[in-house]
Amino acid sequence: MSEYLLTLNAGSSSVKFSLFEVANKQTRLIASGEVERLQHDACFHAGKTDCEIETWQLGRVDHAEAISHVINWVNATFPAARIIAIGHRVVHGGLKYTRPVLITSDVYSYLKGLEPLAPLHQPHNLTGISAARDAFPSLPQVACFDTAFHHGRAFNEEAFALPTSFYDRGIRRFGFHGLSFEYILCRLFEINPDVASGRVVVAHLGAGASLCALLRGRSIATTMGFSSLDGLPMGSRSGSVDPGLLLYLIEHDKLSISQLSHLLYHQSGLLGLSGLSSDMRQLQASHELAAQRAVDYFIHCVKKQIATMAATINGLDALVFTGGIGFHSAFVRAGVVEELRWMGLCLNNNANQHGELCISSVESSVQIFVIETDEQTMIARHTLEVINL
């Protein structure tokens, strides 16, 4: 009987999964899918690798029911499969968990306490863990953290300019999207080890967006900080905002904490700027001035932050685009690179339009890559490492 790993990524309105076959301490993706639009008219997409995706309407289901559908599909599609462990994406590991860990009751309780730091993700990550533990009470479950990749950065990158007592109690810039950045770094080492060992900025651009500056294969700086609100504007999240403005809104507009949170997490970013959509594809297709301004604003912020990231590593050898927008939007990539010509970046327009691996021109002093991220593969690799300890 073959052995398999199941990976789960439970978000606010979806559960993504992948099934990996395990052989000789290596993993091979054999199936994947997603249950989307939870709590509404949910839709289940799933299929074997390199096969046509099947789709079913599920009606109104919650996370536990979605995971039950995933398990039933896996059992029906791979009846001989023996799942040996389940790996979970968990956004926040706090100061305590700086590498993947086997989930125990104590681990779960600690992660539960971090929910206020990542309210869009952490509660749903933990709901997915609970549902999987109920379905497979005897299987090892492993938590893989988005914050872990950034652990160990310098004081200047982790601290806020507040009294040091805040730093000592754990008020720090944690950074996120670590599983994505780690996967991109691994791929870059496969593509060009010399470049991967140099000065690299990875732009994970999507509904959630952040940049990471890498030097000799380590995270040196990143645009997200204490929470996943910081840095770049995102689909519906504000990105960096003057804290004085927040004080003003509380004092003069009398916004409650919950109202302010809803504004920053759900009504801002591309959605707030355009008044139309949080989806970059819809904004690029729109002729509305507000949509065009939102796209231009996003490109402008990405360009500024890439220059900032490059400054932290004293230059730039390679820029990598990934994430839903970074991988798919040639328009955004072109806009960003055009604004950075002064740094030696030069685009091969034809390669960019076709989304090729390398999109820099021969004249470019900085190599520019487009690489699709794969957080599920990183989760599978880490899960296998943990259960084999």
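Residues numbered from 1 in each chain as written. Predicted model: local features only at pLDDT ≥ 70, side-chain atom pairs only at ≥ 80, totals over all residues. Heavy atoms only, no water.

Chemist: Can you walk me through the packing of aromatic side chains in this structure?
Modeler: Two numbers describe a pair of aromatic rings. These are the distance of the centres and the angle of the planes. Considering all chains together, one arrives at 9 aromatic pairs under this definition. Between Y4 and F78 the ring centres are 6.1 Å apart and the planes differ by 45 degrees, which places this aromatic pair in the tilted class. In this pair, Y4 sits in strand 1 (residues 3-10) while F78 sits in the loop between helix 1 (63-77) and strand 6 (82-90), placing the two residues 74 residues apart along the sequence. For the pair Y4 and F78, a shared accessibility class is recorded, and that class is buried. (Phe/Tyr/Trp six-rings, centres within 6.5 Å; stacked < 30°, edge-to-face > 60°. Helix = DSSP H or I, 4+ residues; strand = E, 2+ residues; numbered from the N terminus. Buried < 20%, exposed > 50% of the residue type's maximum accessible area, 1.4 Å probe, protein only.)

Chemist: What am I meant to see in the nonpolar core here?
Modeler: Across soluble globular proteins, you tend to see nonpolar side chains buried next to one another. L111, L205, F298, F321 and L345 are the most contacted members of the largest nonpolar core, which has 58 residues in total. When residues of this core are assigned to their parent elements, the largest contribution, 10 residues, is made by helix 12 (residues 289-312). In this structure, L111 is in contact with V90, H92, G93, Y97, Q122, L126, A143 and F145, ignoring residues within four places of it in sequence. Within the second largest apolar cluster, 29 residues are counted, among which are L6, V15, F44 and W73. (Core = buried A, V, L, I, M, F, W, Y, C linked by side-chain atoms within 4.5 Å. Contact = heavy atoms within 4.5 Å.)

Chemist: Looking at this model, I keep getting lost on the packing of helix 1 against helix 3 (residues 122-135). Mind explaining?
Modeler: Pairs of packed helices are described in terms of their axes, by the angle between the two and the distance that separates them. The N-to-C vectors of helix 1 and helix 3 enclose an angle of 50 degrees; their axes lie 9 Å apart at closest approach. If you check the angle between helix 1 and helix 3, you find them oblique. Relative to helix 3, helix 1 is oriented so that their crossing is right-handed. For the pair formed by helix 1 and helix 3, the contact residues are H63, A64, I67 and I71 on the first element and H124, T127, G128, A131, A132 and A135 on the second. Among the residues making up the contact of helix 1 with helix 3, the classes are represented as 6 nonpolar, 4 polar and no charged. (Axes fitted to C-alpha atoms, helices over the stretch in contact; angles between N-to-C directions. Parallel < 35°, antiparallel > 145°, perpendicular 65-115°, else oblique. Left-handed = near helix turned anticlockwise from the far one by under 90°. Nonpolar A, V, L, I, M, F, W, Y, C, P; charged D, E, K, R; others polar.)

Chemist: Which parts of the structure should I look at to understand the pairing of strand 11 (residues 218-222)?
Modeler: In summary, the side chains of a regular strand alternate between the two faces of the sheet. Examined bridge by bridge, strand 10 (residues 210-215) and strand 11 share 4 bridges and lie antiparallel to one another. Residue C212 lies in a different strand from strand 11, and its bridge partner there is T222. (Pairing = 2+ DSSP bridges.)

Chemist: Sorry if this is basic, but what is going on with the sheet that holds strand 10 here?
Modeler: Paired through their backbone hydrogen bonds, the strands of a sheet run either parallel or antiparallel. Ordered by their spatial adjacency, 5 strands build an open sheet running 11-10-9-12-13, and the pairing between neighbours is mixed. If you trace the sheet from one side to the other, it starts and ends with strand 11 and strand 13 (367-370), each paired once. Averaged over all adjacent pairs, the angle separating strand axes in this sheet is 25 degrees, with direction ignored. Examined bridge by bridge, strand 9 (residues 199-204) and strand 10 share 6 bridges and lie antiparallel to one another. Bridging from a neighbouring strand, A203 pairs with L211 of strand 10. The sheet strands contacting helix 12 are strand 9, strand 10, strand 11 and strand 12 (318-322), and the helix crosses strand 10 at an angle near 20 degrees.

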